[in-house]
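Spelled out, the chains give:
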Amino acid sequence: MMKTRRTLLLAGATAAMMSVFGAPAFAAGQISIIVNDPSNPYWFTEGEVAKAEAEKLGYTASVAAHKGDTNAESNLIDTAITNKSAAIILDPANADGSVGAVQKAVSAGIPVILVNAEINKEGLAKAQLVSNNAQGAALGAQQWVEAVGDKGKYVELFGAPSDNNAQTRSNGYETVLSQYPDLVKAGQEVANWDRTQGYAKMQSLLQANPDIIGVISGNDEMALGAIAALKEAGKLANVKVGGFDGSPDAVAAVKAGEMQYTVLQPVAVFSKAAVQQADSFIKNGKTGADTEKQLFDCLLITKDNVDKYTSAFTLSQ
């Protein structure tokens, strides 16, 4: 009898300690978070914010990365299914190629909430939360014209073609810049959201177009690569560069006068909201949102408000 009582007391004490130290002894379930590539600060923030919110709501959470590979994404979805995840937060690898992976999770009874990028099918994911890329691109392009003026040759760095955001931003730029007939796009290169590729593609664009006055970029990483190439060529003083994301490195470049602006994507906001909607669906069968596709407006960061950047991808109003 004494041994049984002592065992119960020890078990109770252990449970209490696990509760105090945050162990997932009584977790509400597992939320699997799958991002693109956390070596990019944008996707790193996306995963970390979602994980923190999931744990705050009482779930265990894991973050994994597919790095744009649909086969890796499919394998990660299989793992989430095997682990009996309560929900999956997914930044899809490919607008078309990720449809099958989402379908697989849904067929296994696991709700999927998409963040940052969309898939070209509605009714599968319970929600798709993305930046308002068209609004953000228009915002950036208007600021870019203010920086470069309304006459001269420029080039564009384009993101990953498999991601709808790349074309949406490019279209948004074109909508604004086409209003200035004396601004001529001399070249466009795909640099796949990557800084190293941005650097290499900028070198090629400069060689072909040594007299450009500006670079408009689909994201900050490509823009930062372009800045490195322009610095190396001794041309940064005469070429204005605009970015898109609101990454800490881009904000530092804005402060230093090397980048004219960056368009802040509210990834810290919608990553948190995605987990909250997953939690709502797990508990109530509804996300609580009015629509599956939800757009979050972007914000402009320039030298005038850069000091209001309080943490990664966060601008105080």
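Residues numbered from 1 in each chain as written. Predicted model: local features only at pLDDT ≥ 70, side-chain atom pairs only at ≥ 80, totals over all residues. Heavy atoms only, no water.

Engineer: For this particular structure, what's the right way to read the nonpolar core?
Structural biologist: If you look at soluble globular proteins, the nonpolar side chains tend to sit buried side by side. Counting residues in hydrophobic clusters, the biggest one holds 55 residues, and the most contacted among them are I31, I89, L129, M202, V215, L230 and M259. Leaving out residues up to four positions away in the same chain, I31 has contacts with A54, Y59, T60, A61, S62, A87, I89 and V275. Among the nonpolar cores identified, the runner-up in size contains 16 residues, and Y154, I216, C298 and L300 belong to it. (Core = buried A, V, L, I, M, F, W, Y, C linked by side-chain atoms within 4.5 Å. Buried < 20%, exposed > 50% of the residue type's maximum accessible area, 1.4 Å probe, protein only. Contact = heavy atoms within 4.5 Å.)

Engineer: What am I meant to see in the sheet that holds strand 5 (residues 127–131) here?
Structural biologist: Note: strands within a sheet are paired through backbone hydrogen bonds, in either parallel or antiparallel orientation. Reading across the sheet, the six strands line up as 2-1-3-4-5-11 and stay open at both edges, with parallel pairing between neighbours. If you trace the sheet from one side to the other, it starts and ends with strand 2 (60–65) and strand 11 (293–296), each paired once. Taking the axes of each pair of neighbouring strands and ignoring which way they run, one obtains an average angle of 15 degrees across the sheet. Sheet topology note: the strand 5/strand 11 ladder contains four bridges and is parallel. For Q128, the partnering residue across the bridge sits in strand 11 and is K293. (Pairing = 2+ DSSP bridges. Helix = DSSP H or I, 4+ residues; strand = E, 2+ residues; numbered from the N terminus. Axes fitted to C-alpha atoms, helices over the stretch in contact; angles between N-to-C directions.)

Engineer: When you look at the pattern of salt bridges in this model, what are you seeing that I'm missing?
Structural biologist: If the charged atoms of two oppositely charged side chains come close together, the side chains can form a pair. According to the stated counting rule, one finds nine salt bridges in the structure shown. Two residues, E221 and R195, come together in a salt bridge whose shortest N-O distance is 3.1 Å. You can see E221 sitting in helix 8 (residues 220–232) and its partner R195 sitting in helix 7 (residues 195–208), a full 26 residues away along the chain. Accessibility expressed as a relative area gives 10% for E221, which makes it buried. Salt bridges here are not isolated pairs; linked through shared partners, they connect R195, E221 and D249. (Salt bridge = Lys/Arg side-chain N within 4 Å of Asp/Glu carboxyl O.)

Engineer: Which parts of the structure should I look at to understand helix 7?
Structural biologist: Helical periodicity: at 3.6 residues per turn, an α-helix aligns residues three or four positions apart in one direction. Its 14 residues place the ends of helix 7 20 Å apart at the C-alpha level, agreeing with the 20 Å of an ideal helix rising 1.5 Å per residue. Buried residues of helix 7: G198, M202, L205 and L206, and no others. With its buried residues spanning 95 degrees around the axis, helix 7 presents them on a single face. For helix 7, exposure combined with an orientation more than 90 degrees from the buried face picks out T196, Q207 and A208. On the buried face of helix 7, the contacting elements are strand 6 (152–158), strand 7 (183–190), strand 8 (214–217) and helix 8. Residue D194 occupies the N-cap position of helix 7, its side-chain oxygen lying 3.1 Å from the main-chain nitrogen of T196. (Expected span 1.5 Å × (residues − 1). Arc of directions from axis to C-beta. Polar contact = N/O pair within 3.5 Å; in protein donor to acceptor, adjacent residues only side chain to side chain.)

Engineer: Help me understand helix 9 (residues 248–255) in this model?
Structural biologist: Buried within helix 9 we find A250, V251, A253 and V254. Seen from one end, helix 9 has its buried residues packed into an arc of 160 degrees, which puts them on one side. For helix 9, the secondary structure elements touched by its buried residues are helix 8, strand 10 (261–264), strand 12 (299–301) and strand 13 (309–311). One or two positions beyond helix 9, positive phi appears at G257, with a value near 80 degrees.

Engineer: Please explain the environment of A50 as it appears in this structure.
Structural biologist: Here A50 shows up in helix 2 (residues 41–56). Of the residues examined, A50 reaches a relative accessible area of 1% and is grouped as buried. Counting along the chain gives 220 residues from A50 to F270, while the straight-line C-alpha distance between them is 9.0 Å. Once you skip the residues sitting within four places of it in the chain, A50 turns out to touch I33, S271 and V275.

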